[in-house]
Amino acid sequence: MSAKSNKDLEPAVGCSCMMALGAPLAMVIMGVESDVLWPISIILVIVAVGLFIAFVASDKRSTPSPKPNIVDHVTSRQMGIGSTDDFADLDEDVREGAARFFEQSGRTDFRILVDDDDFQQLKHSLMRLLRLLQSISFDKRIREKVLDQAHDRDTIKGEFDHKSFFTTLELLLGKDVVYIFERFGLSTNMNFTTAAGQLLLAITILLNEGLKSKCSYEEFMRELSYDNEYCNQLRGVHEEMWLLYRDSNVDVKSEDLDDLGLMLILELVARDTRYVMDMRSLLNQLAEDIAQIVGKNEVITSALDELHGRVERDKQIITELEGEQKTIKREPTGTIAELDQLVGLSLVKSEVTALKRFVEVNKRRQEMGMKTPTVSYHCVFTGNPGTGKTTVARIVAGIYKDLGILSKGHLVETDRSGLVAEFVGQTAVKTNKIIDSALDGVLFVDEAYSLVTGGKEDYGKEAIATLLKRMEDDRDRLVVILAGYEDEMKQFVDSNPGLRSRFNRYIHFEDYSADELMQIFVNRLRTFDYTIDSRAETVLQQHLEQCVATRGKDFGNARYVRNLFERTIEAQAVRLSSLAEPDSEALSRITENDVKTALNRMSHQ
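These numbers were taken from a predicted model, which means no experiment stands behind them.

Conventions adopted
- Residues numbered from 1 in each chain as written.
- Predicted model: local features only at pLDDT ≥ 70, side-chain atom pairs only at ≥ 80, totals over all residues.
- Heavy atoms only, no water.
- Helix = DSSP H or I, 4+ residues; strand = E, 2+ residues; numbered from the N terminus.
- Buried < 20%, exposed > 50% of the residue type's maximum accessible area, 1.4 Å probe, protein only.
- Contact = heavy atoms within 4.5 Å.
- Areas by Shrake-Rupley, 256 points an atom, 1.4 Å probe, with all protein chains shown as cover.
- Phe/Tyr/Trp six-rings, centres within 6.5 Å; stacked < 30°, edge-to-face > 60°.

Asks: Let's hear about the overall build of the protein: which residues, and what values?
Replies: Tallying secondary structure elements over the protein gives 26 helices and eight strands in all. Looking at the protein as a whole, 45% of its 605 residues qualify as buried. Of all intrachain contacts in the protein linking residues separated by at least 6 positions in sequence, the fraction that spans at least 24 positions is 75%. When the accessible area of the protein is evaluated, it comes to approximately 31,600 Å², of which 52% is carbon and sulfur surface.

The structure is reproduced here in structure tokens:
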């Protein structure tokens, strides 16, 4: 019965009560006989009692007059503070719990300030960030780099596995939320009567539940507003967890940079470029979500502009890191046996074997006092990307050490960015520094033709001149291998008489066939203890055959397969994240879905 019906009964109940008492009294005064009076009186009393019972029952069932939908009401934040009636679309226990909870906290004008759309967008952004963190946690190379940088690594017991690393990254994400709040000028105290405080509760709930979060908006509202022992305990747990995020000692500090901790981990500690732009994009989106919920002001807008402006700085850092990564020193480990174990490269194997035998014969002739022709050990490796040029260069360096041509036999790998400086007078210094690090070993210059692709003001020619001089001055201590596309490398060498006279040994690296690419993938599976389903193998083989049939000279060959392998095991990791305790068979098995997910991801890159 409605409140309106309740009010309609009030005059009827009053009238019946007056009749039940007044009518008998009037009949007595009028001298009505008792045998007629009592039946009438009893009837009137029954009617009055019935109406009174109906009135009481309707009062218990009555509800407040209808209110606007809570989401519509909350979205119109300019309407001002609402009341506990904002919970009209929830059940009675929630309304009463909200009223008691906020009355006890001294508030009688409460409403939820994080609406359903806000909550779902926030959840989407956090889930994307957590999935990226999971991918990073499975990257053993990054995990080891971060562990090496840990000041308290001696206190870390046992193996620092991907689960432990993910927990560390998740803690850093919580710390980054604190950073964003501070940059926005917002309080980092979880005050549930403010939009920021309610937002912190939502973030903490979602972070605590992690990738398996099934928290709905209704559950968030109940936890925020319920006044019972269970919800009070939950709020207490989340408040404690938020304090752990806020006060945790996981900051990554730099004298030059003041940024989000996850970005600094990738840029300063891991020095890894693969995840930098994705991480920046997702963290900036999270900052936008927070700003949208609490409402933008001048301080928040300025902070957002600063965070978005750091994208250009990220690109500069990536360029610098990639330049550093291009100059890599590799210790000598190469042998002919190692060369023979490589997939394909039959022509390369025969050329390197012939070179080795030629050097051995010349060395024997020298030992017997016979005249020997001057031998140039410098080489030009030609071929498309991913055909094994760097790997074979390392093997050749090791062979030269075994033959006594070089005393160290290490390989220093670089490219244009490692040799050419931006300002006049600096290129020679930079090039000489790289050459010094390569003495008694092999200097491997990838995409060497790029040294002459600049304009008249380019300093690449200065790097070539410096290199040629050092090849003459240190001819007994330095071997140089130039690498790049076949046509470009021939034009590059022929363009300079000094290069042409020193580089007359060409070794061409053919593209891999589909079967050879498949074998490279399978070898990596075996190396890391993975197995592959027959259907997944079929999908992979068909894809590689299509790649070979349509590839251009920029196709990555073995490099493409290595990237595909990494994406495949990442896809497997995401799939396994839904399992509580995957067994060894599940951890090793690559499925058709894993391969298809990896191919789809690579197609969008």
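Once the structure has been displayed, the description carries forward.
Asks: Account for the packing of aromatic side chains, naming residues and giving values.
Replies: According to the stated counting rule, one finds 10 aromatic pairs in the structure shown. Aromatic pair Phe381 and Phe509: ring centres 5.0 Å apart, planes at 50°, arrangement tilted. Of this pair, Phe381 sits in strand β2 (residues 379-383) while Phe509 sits in strand β6 (residues 506-509), and the two are 128 residues apart along the sequence. Both residues of the pair, Phe381 and Phe509, count as buried. Each member of the aromatic cluster is reached from another via a ring pair, and the members are Phe521, Phe528, Tyr530 and Phe565.

Asks: Describe unusual backbone geometry, and please don't skip the residues or the numbers.
Replies: Glycine aside, a negative phi is what most residues show, and trans is what most peptide bonds show. If you check the backbone angles, Leu345 has positive phi at about 60° while not being a glycine. If you trace the backbone, Leu345 turns up in the loop between α14 (336-341) and α15 (346-367). The exposure class of Leu345 is buried, given its relative accessible area of 9%. A positive phi is found at Asp440, a non-glycine position, where the angle reads about 70°. Here Asp440 is to be found in the loop between α18 (427-438) and β4 (441-445).

So far we have only geometry, and geometry alone does not tell us how the molecule works.
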